[in-house]
Amino acid sequence: MLSVVVEEPRRMALRERPMPQPQAGELRVRVRYAGICGSDLHIFHGQNPFVTYPRVIGHEFVGRVDAVGEGVSTERLGQTVVVDPVISCGQCHACRIGRQNVCSRLQVIGVHRDGGFSEYACAPAKNAYLIPPGLALPGASVIEPFAVAANVTHRTGVLPSDVALIYGAGAVGLNLLQVLKKVHGIRTFITDHVDERLALALGCGAAPDEIINTRREPLPEALAQRGVEGGPTLIYDAVCHPAILEEAVRIAAPAGRIGILGFSPTPSAIPQQELTKKELTLYASRLNCAMFPTVIDWIARGLVDPGHIVTHQVDFHDVAGAFDLAERNPRESCKVLLDFGTDG
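Reading the values: rules and limits
Residues numbered from 1 in each chain as written. Predicted model: local features only at pLDDT ≥ 70, side-chain atom pairs only at ≥ 80, totals over all residues. Heavy atoms only, no water. Salt bridge = Lys/Arg side-chain N within 4 Å of Asp/Glu carboxyl O. Helix = DSSP H or I, 4+ residues; strand = E, 2+ residues; numbered from the N terminus. Buried < 20%, exposed > 50% of the residue type's maximum accessible area, 1.4 Å probe, protein only. Pairing = 2+ DSSP bridges. Axes fitted to C-alpha atoms, helices over the stretch in contact; angles between N-to-C directions. Contact = heavy atoms within 4.5 Å. Arc of directions from axis to C-beta. Lys, Arg positive; Asp, Glu negative; His and termini not counted. Polar contact = N/O pair within 3.5 Å; in protein donor to acceptor, adjacent residues only side chain to side chain. Phe/Tyr/Trp six-rings, centres within 6.5 Å; stacked < 30°, edge-to-face > 60°.

Q: Requested: an account of the pattern of salt bridges, with residues and values cited.
A: The tally for this structure, following the rule as stated, stands at 20 salt bridges. For R32, the salt bridge goes to D339, with nearest N and O atoms at 3.1 Å. Of this pair, R32 sits in strand β3 (residues 26–35) while D339 sits in strand β18 (residues 335–339), and the two are 307 residues apart along the sequence. Classification of R32 by relative accessible area gives buried; the value is 17%. Of the charged contacts, one joins D324 and R328 as a salt bridge, the two residues approaching to 2.9 Å between their closest N and O atoms. With D324 and R328 both in helix α11 (residues 319–328) and 4 residues apart, this pair spans about one turn of that helix.

Spelled out as structure tokens, the structure:
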């Protein structure tokens with residue numbers, strides 16, 4: 001079989017590899033689509049501290065079950081599934097309190113072990129979920145980043161009275177927008193520097209006046225002009241530049257909550273006085289914590305459509321071109337999928 005292997009930082013190639021065999025409790029997926037995530041780009045550039053090389057990357061993928069290991073029912077053969085990449089030990093403190101996404105022995109498919117940028121990939125059977133009826137396979141491949149958005153909103157909570165602000169109209173920011181607008185029904189603003197990305201926000205539920213290009217409008221003034229008095233009560237940083245968290249603390253309403261995604265190693269300069277004066281709460285969020293069933297239920301009920309952010313499907317043989325598109329053409333692309341060309 002062919003797999004996309006990052007052999008070392010900045011060296012990636014298609015390699016012929018042995019067919020993986022599912023171990024006890026696992027199944028094997030014939031991959032159809034796999035999404036390129038920012039973390040895949042980080043692994044390629046040598047900027048992910050958790051990965052070891054060489055590595056078959058990819059943690060967003062959908063396909064058809066074609067083999068099962070010991071202890072897995074043969075009824076799973078032929079099922080079309082999407083895979084949750086979070087694998088936890090079930091025994092450490094974090095797992096015991098229901099926070100398995102920060103397990104002390106965490107393994108992430110595509111990071112700590114080989115992932116879905118391959119014609120075939122193995123995963124624990126309990127991590128493979130049936131896709132909702134009627135959902136097209138390209139959209140199904142994006143359930144994982146939707147689960148990331150669902151996780152951070154679960155962490156912060158969402159109140160009917162909240163006014164939310166999202167920094168960044170990338171894949172996670174746009175998924176967050178759908179969750180906040182279509183599931184929770186609250187007023188939500190989204191910012192970016194790229195008009196084409198902000199145009200995608202309209203399809204994800206944003207009203208025209210909820211879109212702010214911060215190259216043209218300073219954010220505090222833009223929010224005030226739109227009637228947001230006292231600042232947003234709920235803020236999400238889906239960009240993870242240190243200056244964003246600093247600004248979020250300044251503009252948040254008293255008793256506001258701020259959700260943080262990402263792994264920037266650069267410190268932010270946040271005055272403790274500002275946090276304490278307004279009694280702000282910061283919520284960090286990593287991956288997802290058993291949120292796939294929630295997202296699948298939202299899709300089945302027609303509340304959200306993960307396919308809105310898919311802009312390109314590229315044959316996996318041109319993985320270099322797909323990476324270039326995902327990284328260097330933000331005006332053209334949002335979520336770029338690798339197409340492995342099977343019937344799923």
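Q: Provide a residue-level description of the sheet that holds strand β16 (residues 281–284), including the pertinent values.
A: Judged by pairing direction, the sheet is parallel, and its 6 strands sit side by side in the order β13-β12-β11-β14-β15-β16 without closing on themselves. Whereas interior strands pair on both sides, the edge strands pair on one side only; in this sheet they are β13 (211–213) and β16. Across the sheet, the axes of successive neighbouring strands diverge by a mean angle of 20°, strand direction being ignored. With 4 bridges connecting them, strand β14 (residues 234–237) and strand β15 (residues 257–260) associate as parallel partners. Bridging across to β15, I235 finds its partner in I258. With respect to the sheet, helix α4 (residues 143–156) is in contact with β14, β15 and β16, its orientation differing from that of β14 by roughly 145°. Running at roughly 170° to strand β12 (residues 187–192), helix α5 (residues 171–183) makes contact with β11 (163–167), β12 and β14 of the sheet.

Q: Summarise α11; cite the residues concerned and give the values.
A: Within α11 the residues assigned to the buried category are V319, A322, F323, L325 and A326. Along the axis of α11, the buried positions cluster into a sector of 160°, meaning they face one direction only. Opposite the packed face of α11, turned more than 90 degrees from it, sit the exposed residues A320 and R328. Tucked into the core, α11 has its buried residues touching β1 (2–8), β2 (11–16), α1 (38–44), β17 (310–315) and β18.

Q: Before we move on, can you summarise the side chain of D237 with the specific residues and values?
A: Checked against the element boundaries, D237 lands in strand β14. Of the side chains with opposite charge, R250 comes closest to the buried, unpaired D237, at an N-O distance of 12 Å. Of note is the side chain of D237, whose polar atom sits 2.7 Å from the backbone nitrogen of C240. Here D237 is in contact with Y167, I244, L245, G259, I260 and L261, once residues within four sequence places are set aside.

Q: Describe the environment of G58, and please don't skip the residues or the numbers.
A: Counting through the fold element by element, G58 comes out in the loop between β4 (55–56) and β5 (61–68). Not counting residues up to four positions away in its chain, the partners in contact with G58 are D40, I109, G110, G115, G116 and F117.

Q: Please set out the packing of aromatic side chains residue by residue, giving values where relevant.
A: Applying the stated criterion across every chain yields a total of 5 aromatic pairs. Ring plane angle 70° and centroid distance 5.3 Å describe the contact between F50 and F263, whose orientation is recorded as edge-to-face. With F50 in the loop between α1 and β4 and F263 in the loop between β15 and α9 (272–278), this residue pair connects regions lying 213 residues apart in the sequence. In this structure F263 comes out as exposed when scored by relative accessible area, which is 54%. Ring centres of F117 and F323 lie 6.4 Å apart, and the angle between their planes is 80°; on these two criteria the pair is classed as edge-to-face. With F117 in the loop between β8 (107–108) and β9 (120–124) and F323 in helix α11, this pair connects stretches of sequence that are 206 residues apart.

Keep in mind that these numbers describe shape and distance, not what the molecule does.
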